[in-house]
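# Examination of the molecular architecture
Take a look at the letters that make up each chain.
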Amino acid sequence: ISCPVSIGKLVLIELDKQPLPLFPEDSWFPAKVEVKSPEGDTYNFPIYRWITDSKVHRFQEGTALRVFEDKHHLGRYSRQQELGQREKDYRWHVYAEGIPHCMKSTDPLSLPCEIRFSFTKTTEFLYTAATGLTELQLKGLADCKKNWTNIDDINRVFCSKRTDISDYVQEHWKEDAFFGYQYLNGLNPMLIRRCSALPDNFPVTDDMVFRHGQGSLRNEMEKGNIFLCDYKLLDGVKANTINGKKQYLMAPLVLFHKTPDDKLMPIAIQLKQTPADDNPIFFPTDSEYDWLMAKIFVRSADFSEHQLNVHLLRTHLLAEVFAVSLLRNVPMVHPLYKLLIPHTRYTLQINYLARSLLISETGVFKQFAASGGEGLITILKRSLSSMTYSSLCIPEDIAERGLEAVPNFYYRDDGLKLWDIIQRFVQGVLSFYYKNDAEVQEDSELQKWISDIFEHGFLSQACTGIPQSFTTVVELVKFVTMVIFTCSGQHSAVNTGQYDYDGWMPNTPISLQLPPPTTKGKTSKAMMLQTFPDVNTTVHGMATVWLLSKQSSDFVPLGQYPEDHFSEEIPCKLIKDFQAKLEGLSVVIKARNKSLEVPYTYMDPTALENSVAI
């Protein structure tokens, strides 16, 4: 729009979409309005929202505007009107006591138009869901409640959907070296930690793991070569009942040794938390199926730990809290909104679908996972109560777990580089708007954003270390970096490889239906097959992880911004620099992967999405 008459400084505009006579009402999705004045100034009004009614809508000018400095009554009124409507559209809801709150909605169509899936996303999501299940239905397996009788039958189902990594998993799943590898570069790199002292409830001795006096745990611990995975979060969780059969979910402890050739090898497994005669510690020197069954029970426990804590809670549910608080409390012209809105794309709808299709009473997880019964909410509650701010920040998390020097740890290597690139970008953008700490402290909209996150996301638990307010620019930069990293890189790391590592069921069983061995020497291949989940449980699990690993064609990679919320020169330059650094990291990762037997792609910026969108 060109304005031929000078009207002074332009503060806001009104859009009035009147229906044409005899025509049905249509909806508009304006991107932005640019107004050029006679003085040569250009005023930018970002909109990026659906206008579906005939009301007058006001939009505030967004160029170089620090909203906490804006004293114009029209600007204040416009923001108040905008946020007043948003508070009605985005309401908090308690899905279950003790877990992060979510957005109140009754069905996907009740979600505001701006946050719904695109037509492309909707079509592809439904198609992938339908074809996966249809294929299984055609093979007569989705309703088959029988045991597997041989591995070849599992393979025939698996072969209908394969990836290069899932093929590798199928071939190597029994190997100790690959078992250890997965705790660094598989779906759940968040549990393993360096061990400097054995837990009291894991009574492993030198002669159990180092035969003929060839080493000592104390010496290896001092060298930084002993590592521990402790699934204590699952202790006492009531397992599900599936197909009328009681299921079994263990809370194992696993000890690893880094060998001189830099392999992470399991050396001891205890399947329950309390030592007892009927809770033996298993070793690689035990019989083939004693040791393999111990590892299978560990991997099944890891399925529940990963899906509920590492994936659902620490990425999906937190991303929803970040998004709802942003949409309720921060106006469109605010720099924080401009910075974070791309990282909320599709999150609210995908989480609605997760609650209705996966973890509801009739959902796949509730019906077919060992932890899908009463245990689901128990695990989520325990996970939230033990979560810390530092564990969400990968530099601190890696240091706290003592994993700085572990070789061949690509999640760490790529994640730290990605965090640094994001942090530098966030620092540049926010320091452009916030010149000192006082401006952070005085920004009421920013403070309400973090206050709502603390209250509704972390249930006002100060022990988490989550800030209740921001007092410095440094604090703000760190928290926003964490938000972007969580919604992009971290989610990709724990989501994208689900079919790669869980598609071959024996590697990560969704459930197990016989108890673990209580004495050694009595296991067999037949017992292993009887312990595996039934056929229908297996195929529904496979179809679900296939769906959740599938990228849509309207995927937006990290650092790409189809909507031009920023129009100021410096932020726009910072975005280009950000994109260049991400491209540089992608080149480095691709070059490294060429020499790896199992490439690690989940933190490659070209392959990870801007938001939690699947």
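Bear in mind the structure is a predicted one, so any value in this text is a computation, not a measurement. Counting restarts for each chain: residues are numbered from 1 in the order of the written sequence. Reporting in this predicted model follows two pLDDT cut-offs: at least 70 for local features of residues, and 80 or more for side-chain atom pairs to be given and counted; totals over whole chains, interfaces and linings ignore these cut-offs and use all residues. Side-chain measures here rest on the full set of heavy atoms in the structure, leaving out hydrogens and waters.

## Remarks on the sheet that holds strand β12 (residues 264-270)
An order of β7-β8-β11-β12-β13 is seen for the 5 strands of this open sheet, with the pairing classed as antiparallel. Since the sheet does not close on itself, it has two edges, and those belong to β7 (193-194) and β13 (281-282), each with one partner. Summarising the sheet, strand β11 (residues 253-258) and β12 pair through 6 bridges and their orientation is antiparallel. Each residue of the ladder has a partner; that of Lys258, found in β12, is Leu264. Whether two residues are in contact is decided by their heavy atoms: any pair within 4.5 Å suffices. In this analysis an axis means a line fitted to C-alpha atoms, helices contributing only their contacting stretch, and an angle means the value between N-to-C directions, from 0 to 180 degrees. Secondary structure is summarised from DSSP: a helix means a run of H or I of at least four residues, a strand means a run of E of at least two, and numbering begins at the N terminus for each. Along the sheet face, helix α5 (residues 176-185) touches β8 (226-230), β11 and β12 and points at about 95° away from the line of β12. Running over the sheet, helix α8 (residues 288-329) touches β11, β12 and β13 and is turned about 90° from β12. In this description, strands pair whenever DSSP reports at least two bridges between them.

## Topic: the domain arrangement of the protein chain
The assigned domain composition of the protein chain is domain 1 (12-62), domain 2 (102-117 + 312-494 + 551-594) and domain 3 (140-307 + 496-548). Domains are outlined according to an automatic or database domain assignment. Once you take the C-alpha centre of each, domain 2 and domain 3 turn out to be 30 Å apart. If you look at the interface, domain 2 gives 37 residues, while domain 3 gives 38 residues. Both faces combined, the contact of domain 2 with domain 3 buries some 3000 Å², and carbon together with sulfur accounts for 59% of it. Joining two parts hides part of their accessible area as seen by a 1.4 Å probe, and the buried area is that hidden amount summed over both.

## Remarks on the pattern of salt bridges
Basic side-chain nitrogens of Lys or Arg form a salt bridge, by our definition, when they fall within 4 Å of a carboxyl oxygen of Asp or Glu. The final tally for this structure, using the stated rule, is 27 salt bridges. Lys245 is the partner of Asp534 in a salt bridge, and the nearest nitrogen-oxygen pair spans 2.9 Å. Taken together, the residues span a long stretch of sequence, with Asp534 in the loop between α19 (525-531) and α20 (535-548) and Lys245 in strand β10 (residues 245-246) at a distance of 289 residues. Using a 1.4 Å probe on the protein chains alone, a residue whose accessible area is under 20% of its type maximum counts as buried, one over 50% counts as exposed, and one in between counts as partly exposed. Taking the relative accessible area as the measure of exposure, Asp534 reaches 1% and is therefore buried. Measuring nitrogen to oxygen at the nearest pair gives 2.7 Å for the salt bridge that ties Lys590 to Asp604. Taken together, the residues Lys590 in helix α21 (residues 569-593) and Asp604 in the segment after α21 connect sequence positions 14 residues apart. Residue class for Asp604 comes out buried when judged on its relative accessible area of 5%. Through salt bridges that share partners, Lys32, Glu34 and Asp564 make up one connected network.

## Re the UniProt feature "binding site: Ca(2+)" (unreviewed entry) in the protein chain
The UniProt record marks Asp26 with the feature "binding site: Ca(2+)" (unreviewed entry), using the residue numbering of this structure. With a relative accessible area of 43%, Asp26 lands in the partly exposed category. For Asp26, the residues in contact, after removing those within four places along its chain, are Lys17 and Ile51. UniProt positions are given in the numbering used here, feature names are shortened, and annotations may be inferred rather than shown by experiment.

## Digging into the nonpolar core
Core analysis: the largest hydrophobic core is formed by 168 residues, its most contacted members being Trp449, Phe479, Val480 and Phe532. Residues from two domains meet in this core; each of domain 2 (102-117 + 312-494 + 551-594) and domain 3 (140-307 + 496-548) gives at least three. The contacts of Trp449, once residues within four sequence positions are left out, are Phe322, Ser325, Leu326, Asn329, Val330, Leu336, Leu340, Phe470, Phe479, Val480 and Val483. Remark: nonpolar core denotes a set of buried residues (Ala, Val, Leu, Ile, Met, Phe, Trp, Tyr, Cys) joined through side-chain atoms within 4.5 Å. Membership of the second largest hydrophobic core comes to 15 residues, among which are Phe202, Phe210, Leu217 and Leu255.

## With respect to the packing of helix α14 (residues 410-433) against helix α17 (residues 473-495)
Viewed as axis vectors pointing N to C, α14 and α17 meet at an angle of 140°, and their least axial separation amounts to 9 Å. Judged by the inter-axis angle, α14 sits oblique to α17. Read as a crossing pair, α14 and α17 show a hand that is right-handed. When α14 is examined against α17, the residues Tyr411, Gly415, Leu418, Trp419, Ile422, Gln423, Val426, Gln427 and Leu430 are found in contact with a partner set consisting of Leu476, Val477, Lys478, Val480, Thr481, Met482, Ile484, Phe485, Ser488, Gly489, Gln490 and Ala493. With respect to orientation, any angle under 35 degrees is reported as roughly parallel, any angle over 145 as roughly antiparallel, any angle of 65 to 115 as roughly perpendicular, and every other angle as oblique. Should the near helix be turned anticlockwise from the far one by less than a right angle, the crossing is termed left-handed; should it be turned clockwise, right-handed.

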